[in-house]
Amino acid sequence: MKAVIMAGGRGTRIQSVASDIPKPMIPVLGKPVLEYQIENLKRCGITDILLITGYLSDAVMDYFGDGSKLGVNIRYFNEDKPMGTAGALYYVKEQLKEDFILLMGDLMISVDFERFMAEHKKSGAAVTLFVHPNSHPFDSDIIVTDEVGKLADFTEDKCGENAERGKAPAGLSKPVTGVISKKLERAADFYYHNQVNSGIYALSPEAAALVPEPVEKIDLDKDIIRPLIEAGRVYAYRSTEYVKDMGTPDRYDEVTEAVRSGLVEQRNLSNKQKCIFLDRDGTINIERGFLNNVEGMALLPGAADALRRINSSEYLAVLITNQPVIARGDCSFETLDNIMKKFDTLLGREGVYVDRVYYCPHHTDRGFPGEVPELKFRCRCRKGRSGMIEDAARDLNIDLEGSWMIGDKTSDVQCGMGAGTKTVLLQTGAGGNDGRFDKAPTLVCSDLAEAAERILDKAL
């Protein structure tokens, strides 16, 4: 398998860190970010690498040569003038006769590429985008997918400081089941799931063949991927692995600390992950009984600060939530999705996120007007059973013994205990007054902020 790395960036936003070398050559703890990428690819058995160079290309070629010192084979294509994020592919597509990986060269990464490519091939996609939540979705390209991960649309513009918030453009008040005719404009203007383009792609020869001769700059997303979205040929692969653009001074500092602490490598899904599983209502957002409308979604004070600490730690943040409002007939799947979009958006405005969401729509009690009979049964996923945690552990390679479940209800504690995690009962929301414990939780804390502090500071 081949990897193509776009290594010609100039790095105008990071000139205060380094202005006399290409952006992919900026050192992080003494080693260029591009070298971290190549080492990651090699660990996954990908040793045939094509570097697309441009600005100060000699700096790249002199450092890496033919790649033999790193145990890989490197070839080069140098852009005499910038051709955009896809233009150079026109001149090398004869070398791209099988599915390949495309990387932007300014990313610090640690990715299980074998897992990524397996999902790409399983879907039969022409293009698969590696997507993830991040701390700045408001200035990122938001990816909109349907229920099976097929792309429906993506934002193309960054939002401004004064953009009106909370306003949904046409097409976003309903579940995404096809292409949205109106282009999504700015992530500040509507509620959205925090799912952004990371700058990593799997492309087929079919996609590469669509790149025209670059009379002007060719943009991969707008000019190549968007037409394939309309043909139903683009999918998203959502991952919790470490991928971060280090193209600004602040992000460069974050990346440097993440490398120094070992967080970058730890987040690779080939390694066992530690996780803090989180209840939703009464833990992160205000408890309102059976929440069944978008207007009722509001964060608890201090919850975003707690998530900020978790996001920066060795732990994943995974939401585990019962949503019996679906089975009861109080709320449609469509409305729940819109509630969760607002949840993601409120967190994103605070610069925080949850890595993954699992919810149970079932409920055993009967007799509610409008209830959904097919969802009224005793399932394995409803808390306090542990099915959602077990599913997350399988999907994300989670070490349950080294993980925690935090919530305000006895069912949250029972769920965590059943899965083998340590547990925290919060005094927010129900405060544990909804039932009795067979066994006491590991910790009792006043709120999520205290729980995060005690777990992360090991003050148990």
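**A word on the confidence of the model for the protein chain**
- Residues with a pLDDT of 70 or more make up 90% of the protein chain, whose mean pLDDT is 89.
- Low pLDDT (under 50) marks residues 157-188, which in the prediction has 70 contacts with non-local residues, meaning those over four places away or in another chain.

**A word on the sheet that holds strand E12 (residues 234-238)**
- The strand order E5-E4-E1-E6-E11-E8-E12 describes an open sheet built from seven strands, whose pairing is mixed. Because the sheet does not close on itself, it has two edges, and the strands there are strand E5 (73-78) and E12. The sheet shows a mean angle of 25 degrees between the axes of neighbouring strands, taken without regard to direction.
- Of the strand pairs in this sheet, strand E1 (residues 2-6) and strand E6 (residues 100-104) are connected by five bridges, and their pairing is parallel. The residue bridging Val4 from the neighbouring strand is Leu102, located in E6.
- Strand contacts of helix H1 (residues 33-43): E1, strand E4 (48-53), E5 and E6, with the helix running at about 170 degrees to E1, the strand carrying the most contacts.
- Across the sheet, helix H6 (residues 220-230) lies against E6, strand E8 (127-132), strand E11 (196-203) and E12, angled at about 70 degrees from E11, the strand it touches most.

**Notes on the pairing of strand E15 (residues 315-322)**
- Most of E15 is tucked away, with eight of its eight residues classed as buried.
- What you see with E15 is no split at all: Tyr315, Ala317, Leu319 and Thr321 on one side and Leu316, Val318, Ile320 and Asn322 on the other are buried throughout.
- Sheet topology places strand E14 (residues 274-278) next to E15; five bridges connect them, and they run parallel. Opposite Cys275, over in E15, you have Leu316 as the bridge partner.
- Between the parallel elements E14 and E15, the chain passes through helix H9 (residues 303-311) in a crossover that is right-handed.
- The pairing of E15 with strand E16 (residues 356-360) spans five bridges and is classified as parallel. Note that in E16 the partner of Val318 across the bridge is Arg356.

**Looking at the sheet that holds E15**
- What the six strands build is an open sheet, ordered E16-E15-E14-E17-E18-E19; its pairing is parallel. If you trace the sheet from one side to the other, it starts and ends with E16 and strand E19 (443-445), each paired once. Within this sheet the neighbouring strands show an average axis-to-axis angle of 20 degrees, counted without direction.
- With three bridges connecting them, strand E18 (residues 422-426) and E19 associate as parallel partners. Note that in E19 the partner of Leu425 across the bridge is Val444.
- Its contacts with the sheet place helix H13 (residues 410-419) against strand E17 (404-407) and E18, and it is angled at close to 175 degrees to E18.
- Set on the sheet, helix H14 (residues 448-456) makes contact with E14, E15, E17, E18 and E19; between it and E19 the angle comes to about 140 degrees.

What counts and what doesn't
- Residues numbered from 1 in each chain as written.
- Predicted model: local features only at pLDDT ≥ 70, side-chain atom pairs only at ≥ 80, totals over all residues.
- Heavy atoms only, no water.
- pLDDT = per-residue confidence, 0-100.
- Contact = heavy atoms within 4.5 Å.
- Pairing = 2+ DSSP bridges.
- Helix = DSSP H or I, 4+ residues; strand = E, 2+ residues; numbered from the N terminus.
- Axes fitted to C-alpha atoms, helices over the stretch in contact; angles between N-to-C directions.
- Buried < 20%, exposed > 50% of the residue type's maximum accessible area, 1.4 Å probe, protein only.
- Right-handed = clockwise from strand over helix to strand, strands pointing away.

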